[in-house]
Amino acid sequence: MPNDWKSYKPLLLPAIKDLHEISVYEKNNGYQALRKILKDRAMWSPQNVINEVKTANIRGRGGAGFNAGLKWSFMPEPDGKPRYLACNGDESEPGTFKDRKIFEFNPHLFIEGAIIAAYAMQIDVIYVYIRGEYRPFVKMLQRAIDQAYEKGYLGKKVLGSDFSVEMYTHMGAGAYICGEESSLMESLEGKRGYPRVKPPFPAQRGLWGRPTTINNIETLANVPLVMDKGADWYLKIGPDTHPGPVLYGISGHLKRPGVYEYPAGMNIMTLINEVAGGIREGKKLKALIPGGSSTPPLRADMLEGVSMDANSLRDAGSMMGTAGMVVLDEDTDMVDLIWRISYFYDHESCGQCTPCRDGTGWLEKTLRKIKNGDGELRDLDLLLAICHRMEGRTICALADAAAWPVRYSIDRFRDEFERKCKKTVYAVA
Amino acid sequence: MPEIFIDHKRYEFEQPGKVLQFMLDNGMDLPFFCYHPSLSIPANCRQCIVKAGMPVFDRDRGTFKLDEKGERIIRFFPKLMTACSLDLADGMVVYTHHTDELVKQAQADNLEFILINHPLDCPICDQAGECPLQILTYKYGPEGSRFEHKKVHKPKAIQLGPRVILDAERCINCTRCVRFTDEISKTHQLTIISRGDKNYPMTANDQVFDDPYSLNTVDICPVGALTSADFRFKARVWEMNQTPGIDISNGKGCSTWVWTRDNLVMRITPRFNEAVNDHWMPDSGRLSYRTFNENRISKPWLRPDNKEQVRTTWNNAELTLREELDKVESSQILVIGSPHASVEDNYTFKKYFESLGVTDFYYLPHVVPGAGDDLLLSDDQAPNTLGVRALGYSEIAGDKLPKIVTSAKPKLVFILDDDILDRSDLTSSHLEDAFTVYWGTNHNGTSLAANLVIPITTAVEHAASYINVDGRIQRTVPAKETLYTNRRLNLEMSMGRLDHYGTKFDNWVTDANRIDCIPAWEFITRLNPGSDTFAWESSRQILAEIGGKLNIFRGVTYEQMDEENGIQLNLEQDSEVNTV
């Protein structure tokens, strides 16, 4: 963990007034990375840009934590036909609210990153998929895009070069599953948001059957930083395995919940107690959901020395996810919480694969039974069995996302579940 | 040749493909619902799940890595894979439920999931008996369910369109119906609405599911969610006999299954034929089954002295016909064949009148321009237009028919199974001076205008061949008994449960359903007792005789047609189209 976090100067969301205006952004070193690349095309060939980003090891901020540059390098050679960049601003995971901050306070950083990504992969069309509930933020982003068009950063012949790129926003209609990259593509194509079977991967057959890369908004916002100051500089921020700044969306029973930007790998207890001001009303910490509702919850005693990076959280028994931390105090009823999460996944399962379609409903109904005090001890074993049967048996990861919170919270808070259950009485034959 | 190991057995494959299709082609079993060989692969039912792995390749040596026992090291995919979407790969190792406990458990688990919201109303469901969900649950499913909550309730008995009814609770969301309208009929009329376990197929906002191919979705529905409005609640699958046939309501001649019970055709469904109709068939062809049951001509009818038609005996019909023939010269006879009748009927019909000295033979084509599409409907509404043409009948347009009748002034007119009064400018007044003999299957305007009506068998009562619009000759098999045929004696006819165990005294056997009719050729043999030229005993013999006379039919046999689902004929060879 970096010791100097208190002196850390935000890079993604710097404290500059009116940064969302293009003139202010330009004054503050904005679009310099793009200018630099387009000025020296020999030095910054698309391949070199990809290599630089790959070296910087920007781990995808959408949840999977995959190296963004490596993902870009999967795109096949251009063949003169269309290819696409889709930017994922669906942000539908409960507990996650970071991309809206970028749309609101620093949209040009993201736009610049997307343009650089399009240049690196030789793409000329960018779609920005934003959840429909974000109507005000879509307007903000659209305004920024219009400004970028006016200044010639977007459109035909960007900054006088032979590189052209268009950017369109697209509003989702409120489905959680459309944040999954392949159903995001289906939704963009105007179809029902059903995840696609992989392979083929989007880099082979994506939007309208053409090579496509999908990146999270925050991931792309990191790109100008890397291209501006270099991969070596970027690698020095945060832990080696998970470099760069991260927007921590901290919510729950805290004194100061909010989105905070700090390097990756922050100590979790520091984030809770110092950054977010500690648990409200002096209560004790009970549990933490580290990266959005689908990541396994951690008990307070499991958080000792754990930091917010992919490896540390994996060792602790959870995942980094979107860094949308949900902090829960001692009064939290875990059964109620897990039921609510299950209710969400039951509501949001697209209904394509059998185990998820019917399994999420079964989980929800069983948890509701326990919550209402009608549960029996055998129901806990049944829940674990259902989770076991859902995991890894579906096209996308929604079934896993629905099963993990249930499975791990029964595992980690079993006595609390047992207290709500009646003893199973078996009929004697 | 690339190889694949399934359940420790080695198989070779030539073409790239998917594991599930390869297993089905090689006679192996694997449960599945959403997969259909003619549709895209959504892999959403997750039922055909298998454990699969690839051997580890040693790049330096260019061989597969081996363990200490000298066997290939297999790296298994981290998750169980759906065989339907898994590409065949050289060296791939696949374990199914036969060899892997986890796979067996996963398949049972999946069925448990499918069944938790399924109503399990098999006793009142039309699909029972031919339901993949029912069959696979018995075969691979869990013994019971641990689901103790209320099932999700969805709309039931919704009339999606004129021919299809939806029971949304039974739906297992395989999306076959949606994919059918998207990919095959291309009307895009169905979609899945709602989400999760509440979803089901539906048409967009009040749109009517009137796709001309809508009933195919009923066939491919792996549960009883989509049922046919027409066939619903009429018969159980196990009560019916299933006989191969062809669709004679259209020139395309789709291969069909004819489902009969108690000598009534209950429904017609498509039979897979790669060369003609794949797995599909238009709704119009299915609903044409009524013509085989209803409004049939049973027993000959005679109009004595231009009064009302009355039923008569076969002997009387025969004697009347002979009398009329004796009265006229051959030049006073007009013979009209039929594109609706089979090759054999048309051939014997023509041969008989040729023996009487008639030289001109006509047929009236039945083409409705614009009625066809580029899928399985042709403009030609008759099943055998090319057949009747190949036999040397001359095509005559509907408006020219009255001219021929008025100029030739025939005394005796013979019409083979075709409602020509309905389709031409000819009216019954044109035929007033002539004695008209109609050989037909169903009562219609032409039969009512006739002086003598000879009942003949339909495509589901005789074995006969038809040539479709693409020049493919296909044949039918008798599915329905006439008064003179018997399943127990005709080995070609299928025997169902009721046929096996029923006697004519049982209440489920109705003799009235057996029509008093004979094939046209049989009536001709009756007209010529003792003649060597007209001594056929079966339509098989007739086809052999045609093959000896006309080049295009040379070597064409029922056996080959059965084997290959029809034979493509080279119609350019020696037939020229005669038009008048």
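Residues numbered from 1 in each chain as written. Chains lettered and ligands numbered in written order. Predicted model: local features only at pLDDT ≥ 70, side-chain atom pairs only at ≥ 80, totals over all residues.

Visitor: What am I meant to see in the overall build of chain B here?
Guide: Secondary structure assignment for chain B yields 17 helices and 27 strands. In terms of overall dimensions, chain B has C-alpha extents of about 95 × 60 × 50 Å along its principal axes. Classification of the 580 residues of chain B by burial places 47% in the buried group. The contacts of chain B with a sequence gap of at least 6 include a subset with a gap of at least 24, amounting to 65%. (Helix = DSSP H or I, 4+ residues; strand = E, 2+ residues; numbered from the N terminus. Buried ≥ 20, exposed ≤ 12 C-beta atoms within 10 Å, placed from the backbone. Contact = placed C-beta atoms within 7 Å.)

Visitor: Is there a simple way to think about the overall build of chain A in this case?
Guide: Regarding its fold elements, chain A presents 17 helices and nine strands. Computed over its C-alpha atoms, the radius of gyration of chain A comes to 22 Å, within 12% of the 22 Å expected for a compact globule of 429 residues. The long-range fraction of contacts in chain A, counting pairs at least 24 apart against all pairs at least 6 apart in sequence, stands at 70%. (Rg over C-alpha atoms; globule rule 2.2 N^0.38 Å.)

Visitor: What's the story with the sheet that holds strand S3 (residues 166–171) of chain A in this structure? I'm lost.
Guide: In any sheet, the strands associate via hydrogen bonds between backbone groups, in a parallel or an antiparallel arrangement. Residue and element names in this part refer to chain A. Within the open sheet, the four strands sit side by side as S3-S2-S1-S4. Their pairing is parallel. The sheet is open, and its two borders are formed by S3 and strand S4 (212–216), each paired with just one other strand. Averaged over all pairs of adjacent strands, the angle between strand axes in this sheet comes to 20°, irrespective of strand direction. Pairing analysis gives six bridges linking strand S2 (residues 125–130) to S3, with the strands arranged parallel. Bridge pairing in S3 links tyrosine 127 to tyrosine 168. (Pairing = 2+ DSSP bridges. Axes fitted to C-alpha atoms, helices over the stretch in contact; angles between N-to-C directions.)

Visitor: Explain the packing of helix H9 (residues 343–355) of chain B against helix H15 (residues 520–527) of chain B here, please?
Guide: Residues and elements named next belong to chain B. The interhelical angle for the contact between H9 and H15, taken along N-to-C directions, is 25°, at an axis separation of 8 Å. By the angle class used here, H9 and H15 are roughly parallel. Counted together, Glu344, Asp345, Thr348, Phe349 and Tyr352 of H9 and Ala520, Trp521 and Ile524 of H15 form the full contact between these two elements. Residue composition of the contact of H9 with H15, grouped by class: five nonpolar, one polar and two charged. (Parallel < 35°, antiparallel > 145°, perpendicular 65-115°, else oblique. Nonpolar A, V, L, I, M, F, W, Y, C, P; charged D, E, K, R; others polar.)

Visitor: Hey, could you run me through helix H3 (residues 132–140) of chain B in this one?
Guide: A turn of α-helix holds 3.6 residues, and therefore any two residues three or four places apart point the same way. Residue and element names in this part refer to chain B. Taken as a whole, H3 has its buried residues at Leu133, Leu136 and Thr137. In a view along the axis of H3, the buried residues occupy a sector of 105°, so they form one face of it. Looking at H3, the residues exposed on the side facing more than 90 degrees away from the buried face are Tyr138 and Lys139. Residues of H3 that are buried in the fold lie against helix H2 (101–116). (Arc of directions from axis to C-beta.)

Visitor: Hey, could you run me through the pairing of strand S7 (residues 285–289) of chain A in this one?
Guide: The two faces of the sheet receive side chains in turn, since in a regular strand these alternate between them. Residues and elements named next belong to chain A. In terms of residue burial, S7 counts as a mostly covered element, since five of its five residues are buried. Note: S7 against strand S9 (residues 324–329), four bridges, orientation antiparallel. Along S9, the bridge assignment pairs alanine 287 with leucine 328. Bridge analysis of S7 against strand S8 (residues 298–299) gives two bridges, and the strand direction is antiparallel. Looking at S8, one finds that alanine 287 is bridged to arginine 299.

Visitor: So what exactly am I meant to see when it comes to the interface of chain A and chain B here?
Guide: Listed as interface residues are 24 residues of chain A and, on the opposing side, 26 residues of chain B. Among the secondary structure elements, those contributing two or more residues to the side of chain A that touches chain B are helix H13 (334–348), helix H14 (354–371) and helix H15 (377–390) of chain A. The dominant element in the side of chain A that touches chain B, judged by the number of residues it contributes, is H14(A), at nine residues. Per-class residue counts for the side of chain A that touches chain B are seven nonpolar, 10 polar and seven charged.

Visitor: Please clarify how the domain arrangement of chain B should be interpreted in this entry.
Guide: Interface size, as often reported, equals the accessible area lost upon joining of the parts. If you check the domain split of chain B, you get domain 1 (3–111), domain 2 (117–228) and domain 3 (301–568). Relative placement of domain 1 of chain B and domain 3 of chain B: their C-alpha centres are 54 Å apart. (Domains from an automatic or database assignment.)

Visitor: What am I meant to see in the sheet that holds strand S9 (residues 158–159) of chain B here?
Guide: Residue and element names in this part refer to chain B. Within the open sheet, the three strands sit side by side as S9-S10-S13. Their pairing is antiparallel. Bordering the open sheet on either side are S9 and strand S13 (226–228), each of which pairs with just one other strand. In this sheet, strand S10 (residues 164–166) lies alongside S9 in antiparallel orientation, the contact comprising two bridges. Within the sheet, the bridge partner assigned to glutamine 159 lies in S10 and is isoleucine 165.

Visitor: How should the nonpolar core be read in this particular structure?
Guide: Looking at soluble globular proteins, one finds that nonpolar side chains tend to be buried together. Membership of the largest hydrophobic core comes to 277 residues, with the highest contact counts inside it found for Ala86(A), Ala114(A), Ile115(A), Ile116(A), Tyr248(A) and Val50(B). With 10 residues, helix H6 (residues 107–120) of chain A is the single largest residue contributor to this core. (Core = buried A, V, L, I, M, F, W, Y, C linked by C-beta atoms within 7 Å.)

Visitor: What should I look at first to understand the confidence of the model for chain B in this one?
Guide: Low-pLDDT portions of the prediction should not be read for the details of their coordinates. A residue-level look at chain B finds 99% of positions with pLDDT of 70 or above and a mean pLDDT of 92. Listed scores for the predicted complex are pTM 0.92 and ipTM 0.91. (pLDDT = per-residue confidence, 0-100.)

Visitor: Is there a simple way to explain the domain arrangement of chain A in this structure?
Guide: Residue and element names in this part refer to chain A. According to the domain assignment, chain A consists of domain 1 (3–235), domain 2 (245–329) and domain 3 (334–420). Distance between the C-alpha centres of domain 1 and domain 2: 26 Å. Taken residue by residue, the interface counts 19 residues in domain 1 and 20 residues in domain 2. Residue composition of the side of domain 1 that touches domain 2, by class: eight nonpolar, five polar and six charged.

Visitor: Can you walk me through the environment of Ser538(B) in this structure?
Guide: If you trace the backbone, Ser538(B) turns up in the loop between H15 and helix H16 (539–549). Sequence separation between Ser538(B) and Pro519(B) is 19 residues; the distance between their C-alpha atoms is 9.7 Å.

Visitor: Quick question: what am I supposed to make of unusual backbone geometry here?
Guide: Both trends apply: most residues other than glycine have a negative phi, and most peptide bonds are in trans. All names here are of chain A. Here the amide bond leading from lysine 198 into proline 199 is cis, since omega sits at -10°, within 30 degrees of zero. Residue placement: proline 199 occurs in the loop between helix H8 (181–188) and S4. Residue proline 199 is joined to proline 200 through a cis peptide bond whose omega torsion reads 0°. Examined against the element boundaries, proline 200 turns out to sit in the loop between H8 and S4. The phi angle at tyrosine 31 is positive, at roughly 60°, despite the residue not being glycine.

Visitor: What is the right way to read the packing of H6(A) against helix H9 (residues 217–229) of chain A from this model?
Guide: Each pair of packed helices can be described by the angle between their axes along with the distance between the axes. All names here are of chain A. Relative orientation of the contacting elements H6 and H9 amounts to 80°, with a least axis distance of 7 Å. One finds that H6 runs roughly perpendicular with respect to H9. Contact residues: Leu109, Phe110, Glu112, Gly113, Ala114, Ile116 and Ala117 in H6; Ile217, Leu220, Ala221, Asn222, Val223, Pro224 and Met227 in H9. In terms of residue class, the contact of H6 with H9 is made up of 11 nonpolar, two polar and one charged.

Visitor: I tried to follow the pairing of strand S3 (residues 49–55) of chain B on my own but got confused; where do I start?
Guide: Residues and elements named next belong to chain B. Bridge count between S3 and strand S7 (residues 81–82): two bridges; the pairing is antiparallel. Across the sheet, residue isoleucine 49 finds its bridge partner in S7, namely threonine 82. The pairing of S3 with strand S8 (residues 92–95) spans three bridges and is classified as antiparallel. Residue pairing in the sheet places glycine 53 in a bridge with valine 93 of S8. Judged from the three bridges that link them, S3 and strand S6 (residues 74–76) form a sheet pairing that is antiparallel.

Visitor: Looking at this model, I keep getting lost on the environment of Ile268(B). Mind explaining?
Guide: All names here are of chain B. The residue isoleucine 268 is located in strand S16 (residues 264–270) in this model. Sequence separation between isoleucine 268 and asparagine 205 is 63 residues, and the spatial gap between their C-alpha atoms is 31 Å. In this structure, isoleucine 268 is in contact with Thr256, Trp257, Val258, Gly285, Arg286 and Tyr289, ignoring residues within four places of it in sequence.

Visitor: How should I be thinking about the environment of Met320(A) in this particular structure?
Guide: All names here are of chain A. Among the structural elements, methionine 320 can be located in the loop between helix H12 (310–316) and S9. Judged by local crowding, methionine 320 falls into the buried class, with 26 C-beta atoms found within 10 Å. It is 29 Å that separates the C-alpha atoms of methionine 320 and glutamine 47, two residues lying 273 residues apart in sequence. What methionine 320 contacts, discounting residues up to four positions off in sequence, is Gly65, Pro290, Gly291, Met308, Asp309, Ala310 and Leu313.

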